[in-house]
Amino acid sequence: MTQNQALRADGPPAGTGIAVDNPATGAVVGEVPDTSAEEVAQAVERARRAQRGWAELDTRARAAFFARGRRWLLAHREEIADLIVEENGKAREDAVVEIVYCASAFAYWAKQARGLLARTRIRSLSPFVLGRSMYTRRVPRGVVGVIGPWNNPLLNSFGDAVPALAAGNAVVLKPSEQTPLTALLMERMARECGWPKDVFQVVTGAGATGRAVVDTVDFVMFTGSTRTGRLVAARAGERLVPCSLELGGKDALVVLADANLERAVSVTIQGALSNGGQMCTSVERVYVEEPVYDAYLTLLRERFRQVTSGRPAGLGSVDVGAVTFPPQLAVIQDHVDDAVRKGARVLAGGHTPEGPGRFFEPTLLVDVDHGMKCMREETFGPTLPVMKVADAEEALRLVNDSTYGLQASIIGSDMKRARRLAERFEAGCVTINDAQTNYMALGLPMGGWKESGLGVRHGAEGFRKYTRLQAISTNRFPMRRDMHMIPYEPSAYRFVLRLVDAMYGTGLRRRAK
Ligand code: NAD
């Protein structure tokens, strides 16, 4: 019996659960509970109790649980990939990427946690704290609520639970109601690997369940749309609990005149169509310098037409799978129709094919401009608008002409020029001669600017956000009284001022000469 059949068999009574369908066939493949706010509060309370013991374990002991999890993940990779493909509709290769990401996340955060959580000695030059020994320490926040989207049921949900757990927190994960089954499989992983009870829990449900998570946890790690991100931030603000928001994008790719065009086309196609274009870091608009526009487009068009799409099966069956979220089909079609109405030409695709399941043909658009939705709003589908620009300066202006600022990419040969351009992009993440690869580099912080988010995941910053900082100072040689103590002694302040003047004032200036 498969996991989702089990869920169906043991699931809630009809009418109280959420049905999960296979986007490639339309068949219902599972049903999960629609968890109430009260049940979420109870789960968080259990997590709070379990977290104390988890936090007391040292990082090596937590790493041992992660090692078991990693081995379980790899041993069950076929089952996990089947489930991701079944509930999300993506190509199997894209499901494999999620599994590889989580296996390496287990290994990476287990190894890094000790160093990232270590105490830091602090020195101060202030005359008021002379002789104090000072340090900062990291304390887990408690219960972290991870709320995930549907485009990566493992990577953008469980993937963020791993560093939170490594930092000593318990996690309550609320996966997307579109793709909750993979997260439940991870709950099974925790059970079968003997993880302490309730340290990792999954609560399934829709927006109301997500709201209940935000209402009860100590930190919110949210991945989803900018619209929902604002609601999460507002509620977290009311509660004064911190949140980290990984939101939407309209990622641009710039092809410079000195680019290797074969590479440019490979990166473009991968960036635009992997995961069916349903990635926050999908390349959603391309700007090509005029001298290479025709050659690039000829090659791109040829390669675009070779892309296969349809119902995913095993490895090698299809490049582009289904459209996961039903309302997204209408958004994709609307962006294509709007562009065509305003003068764009469709060089490939452009429609929803006939047949069962939800699909959109890989679509290439040219003669586009920033008056069109396809250049300004997140499409989140297998479509790609390409625009000719006079030079890199025009490309830069257009890249930055966006409310989003997640990722931007450059293809070019002159690295100095490419880097100079990269640093002028208003995006939290820039790749040169690549697209999307930063996500796999767990040591590299990744987060959106502007309406693409708040905070980062990955890197030291993306890990330490799951901790509170405590600063401790010790006066190891306490005197009867300090210089700055009531009753005030004018001579002490004259001394302090002479000292400060020598350190930072005229004395310093004289020495500098
Ligand atoms: P969504 O915002 O509709 O939903 C995301 C999650 O939030 C779901 O689990 C949903 O049930 C929950 N939710 C809904 N209302 C809520 C509320 N009021 N309070 C708390 N939780 C609530 O997003 P989606 O459609 O599932 O995902 C697609 C979006 O995610 C795209 O915009 C995409 O760019 C973005 N995304 C961003 C990243 C990133 O790292 N920046 C990664 C993947 C996806």
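- Per an unreviewed UniProt entry, the recorded name for the protein chain is Succinic semialdehyde dehydrogenase, and the organism is Streptomyces hokutonensis.
- The Sequence similarities (unreviewed entry) comment attached to the protein chain in UniProt states, word for word, "Belongs to the aldehyde dehydrogenase family."

1. Description of the pairing of strand β17 (residues 429-432)
Side-chain positions along a regular strand alternate between the two faces of the sheet.
Argument step 1. Alternating residues of β17 divide into Cys-429 and Thr-431, all buried, and Val-430 and Ile-432, none buried.
Argument step 2. In this sheet, β17 lies alongside strand β16 (residues 407-411) in parallel orientation, the contact comprising four bridges. What sits directly across from Ser-409, in β17, is Thr-431.

2. Observations regarding the side chain of Ser-452
Argument step 1. On the secondary structure map, Ser-452 appears in the loop between β18 (449-450) and β19 (453-454).
Argument step 2. When residues no more than four places from it in sequence are discounted, the contact partners of Ser-452 are Leu-245, Glu-246, Leu-247, Gly-248, Gly-249, Tyr-404, Gly-405 and Leu-406.

3. Some words on the sheet that holds strand β4 (residues 132-140)
Whenever strands of a sheet pair, they do so through backbone hydrogen bonds, lying parallel or antiparallel.
Argument step 1. What the three strands build is an open sheet, ordered β3-β4-β20; its pairing is antiparallel. With one partner strand each, in any of the chains shown, β3 (120-122) and β20 (467-475) form the two edges of the open sheet. Adjacent strand axes in the sheet meet at a mean angle of 30°, parallel and antiparallel pairs treated alike.
Argument step 2. Two strands pair when backbone bridges link them, and β4 and β20 are joined in this way by nine bridges, in the antiparallel orientation. Note on β20: the bridge partner recorded for Ser-133 is Thr-474.

4. Focus on the UniProt feature "active site" (unreviewed entry) in the protein chain
Argument step 1. Following the UniProt record, the feature "active site" (unreviewed entry) maps to Glu-246 here.
Argument step 2. Mapped onto the secondary structure, Glu-246 falls in strand β9 (residues 243-246).
Argument step 3. Glu-246 gets classed as buried once you look at its relative accessible area, which sits at 4%.
Argument step 4. If we ignore the near neighbours within four places in the chain, the residues touching Glu-246 are Met-221, Phe-222, Thr-223, Gly-224, Met-446, Gly-447, Gly-448, Ser-452, Gly-455, Val-456 and Arg-457.

5. Points about the UniProt feature "domain: Aldehyde dehydrogenase" (unreviewed entry) in the protein chain
Argument step 1. According to UniProt, the "domain: Aldehyde dehydrogenase" (unreviewed entry) feature falls on residues 18-471.
Argument step 2. Helix makes up 42% of residues 18-471 and strand 20%, and the two end C-alpha atoms of the span are 46 Å apart.

6. Things to note about the site of the ligand
Argument step 1. In the vicinity of the ligand there are 29 residues, among which Lys-174, Glu-177, Ser-225, Thr-228 and Glu-378 approach most closely.
Argument step 2. A distance of 2.6 Å is found between an oxygen atom of the ligand and a side-chain nitrogen or oxygen belonging to Glu-378.
Argument step 3. The contact in question runs from an oxygen atom of the ligand to an N or O atom on the side chain of Arg-457, over 2.7 Å.
Argument step 4. Coverage of the ligand by the protein amounts to 92% of the 850 Å² it exposes when considered alone.

7. What to know about unusual backbone geometry
Argument step 1. With omega at 0°, the peptide bond leading from Ile-486 into Pro-487 counts as cis.
Argument step 2. Its location among the elements puts Pro-487 in the loop between β20 and α17 (490-504).
Argument step 3. Unusually for a residue other than glycine, Asp-367 sits at a positive phi of about 60°.
Argument step 4. When its relative accessible area of 38% is taken as the criterion, Asp-367 is described as partly exposed.
Argument step 5. With a phi angle near 50°, Lys-450 is a residue other than glycine that sits in the positive phi range.
Argument step 6. Positionally, Lys-450 belongs in strand β18.

8. Thoughts on helix α11 (residues 290-304)
Argument step 1. The first and last C-alpha atoms of α11 sit 20 Å apart over 15 residues, in line with the 21 Å expected at 1.5 Å per residue.
Argument step 2. At its buried positions, α11 is contacted by β10 (251-255), α10 (261-273), β11 (283-289), β12 (345-348), β13 (363-366) and β14 (383-389).

9. Focus on the nonpolar core
Argument step 1. Core analysis: the largest hydrophobic core is formed by 59 residues, its most contacted members being Phe-158, Met-186, Trp-195 and Phe-200.
Argument step 2. Looking at this core element by element, the count peaks at 11 residues for helix α5 (residues 92-117).
Argument step 3. The contacts of Trp-195, once residues within four sequence positions are left out, are Phe-65, Phe-66, Gly-69, Phe-106, Phe-158, Leu-165, Met-189, Ala-190 and Phe-200.

Definitions and cut-offs
Residues numbered from 1 in each chain as written. Predicted model: local features only at pLDDT ≥ 70, side-chain atom pairs only at ≥ 80, totals over all residues. Heavy atoms only, no water. UniProt positions renumbered as here; feature names shortened; annotations may be inferred. Buried < 20%, exposed > 50% of the residue type's maximum accessible area, 1.4 Å probe, protein only. Helix = DSSP H or I, 4+ residues; strand = E, 2+ residues; numbered from the N terminus. Pairing = 2+ DSSP bridges. Contact = heavy atoms within 4.5 Å. Axes fitted to C-alpha atoms, helices over the stretch in contact; angles between N-to-C directions. Near = heavy atom within 4 Å. Polar contact = N/O pair within 3.5 Å; in protein donor to acceptor, adjacent residues only side chain to side chain. Areas by Shrake-Rupley, 256 points an atom, 1.4 Å probe, with all protein chains shown as cover. Expected span 1.5 Å × (residues − 1). Core = buried A, V, L, I, M, F, W, Y, C linked by side-chain atoms within 4.5 Å.

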